[in-house]
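# Working through the structure, step by step
Listed here are the chains, written in short residue letters.
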Amino acid sequence: MLHSVITEHIAKVRQQVEQACHKFGRNPSEVKVLAVSKTQPAEAIRVAAATGQQAFGENYLQEALQKQQELADLPELEWHFIGAVQSNKTREIAENFAWLHTLARQKIAQRLNDQRPAKLPKLKVLIQVNISNEASKAGILPSEVLGFAKQLLELPRLEVCGLMCIPKVSEDFTQQRQAFAQLADLQAQLMQALPELNLTTLSMGMSGDLEAAIAEGSTLVRIGTAIFGAREPKV
Ligand SMILES: *Cc1c(COP(=O)(O)O)cnc(C)c1O
């Protein structure tokens, strides 16, 4: 995609975020945009970075590591892993990312904790919740989140920062809001039960539902298509 188009799209997304914040009484400084760059070349990230965008989300480990190398001259970039995590990938995630949005298994959490290099700050993690209770979706069920979060208290190299969800796709604004409201409720319950954790991050909202997510308290919207355009199907 043309440089000028990415730059324009980013400005448009920021404007959309601001408008949604005004509409729903949120402070725009509380809502951060994560640019989801999966399947996009390093050059596209470089263009986005030139606009001041620093946080980038990647789903596929080898692809992400390759791009990190190509962009090593931009140390200010903050890398978020937002894809599925397999056990044999935890070391490279622990060594190369600032954030993980998709934590849902104790065994993976333990490995990430053990493999996080001492020279790096704690790995910031979000618990992925299967909020729409879909059999096909990753994430843990809402009823299991408290128990899981308690287990994470034992892992000193992880910083549990909040919750993430990918709700069932819906075009309906009210339905979109319902799923996000459930995640926000769960966050409120968790904050009360575990005040020792700083669970202020709600990673929710993508290109198609960012306004609904902001209406319900999102602090981190994950935007791919609206910034970089449609993705080629992954082969
Ligand atoms: C791809 C992806 C996104 C971005 O989706 P868009 O609809 O392109 O904005 C957000 N979150 C996750 C977890 C993704 O895999």
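Residues numbered from 1 in each chain as written. Predicted model: local features only at pLDDT ≥ 70, side-chain atom pairs only at ≥ 80, totals over all residues. Heavy atoms only, no water.

It is worth spelling out the overall build of the chain at this point. Looking only at helices and strands, the chain has nine helices and eight strands in total. Taking 235 residues into account, the globule formula puts the C-alpha radius of gyration at 18 Å, and the chain, at 17 Å, falls close to it. Considering only C-alpha atoms, the chain reaches an extent of 45 × 40 × 35 Å along its principal axes. Here the chain holds 235 residues, and 51% of them are scored as buried. (Helix = DSSP H or I, 4+ residues; strand = E, 2+ residues; numbered from the N terminus. Rg over C-alpha atoms; globule rule 2.2 N^0.38 Å. Buried < 20%, exposed > 50% of the residue type's maximum accessible area, 1.4 Å probe, protein only.)

On to the site of the ligand, then. Around the ligand, a shell composed of 13 residues is seen, among which K38, N59, S207, G224 and T225 lie nearest. Between the ligand and K38, the relevant distance is 2.7 Å, taken from an oxygen atom to a side-chain nitrogen or oxygen of the residue. Measuring from an oxygen atom of the ligand, one finds a side-chain N or O atom of S207 at 2.5 Å. Alone, the ligand offers 380 Å² of accessible surface; in the complex the protein occludes 89% of this. (Near = heavy atom within 4 Å. Polar contact = N/O pair within 3.5 Å; in protein donor to acceptor, adjacent residues only side chain to side chain. Areas by Shrake-Rupley, 256 points an atom, 1.4 Å probe, with all protein chains shown as cover.)

It is worth spelling out unusual backbone geometry at this point. The phi dihedral of T39 is positive, around 70°, even though this residue is not glycine. Tracing the chain through its elements places T39 in the loop between β1 (32-36) and α2 (42-50). A positive phi angle, near 55°, is found at N133, a position not held by glycine. Along the chain, N133 falls in the loop between β5 (123-129) and α6 (145-152).

Any functional reading would require information beyond the geometric quantities listed.
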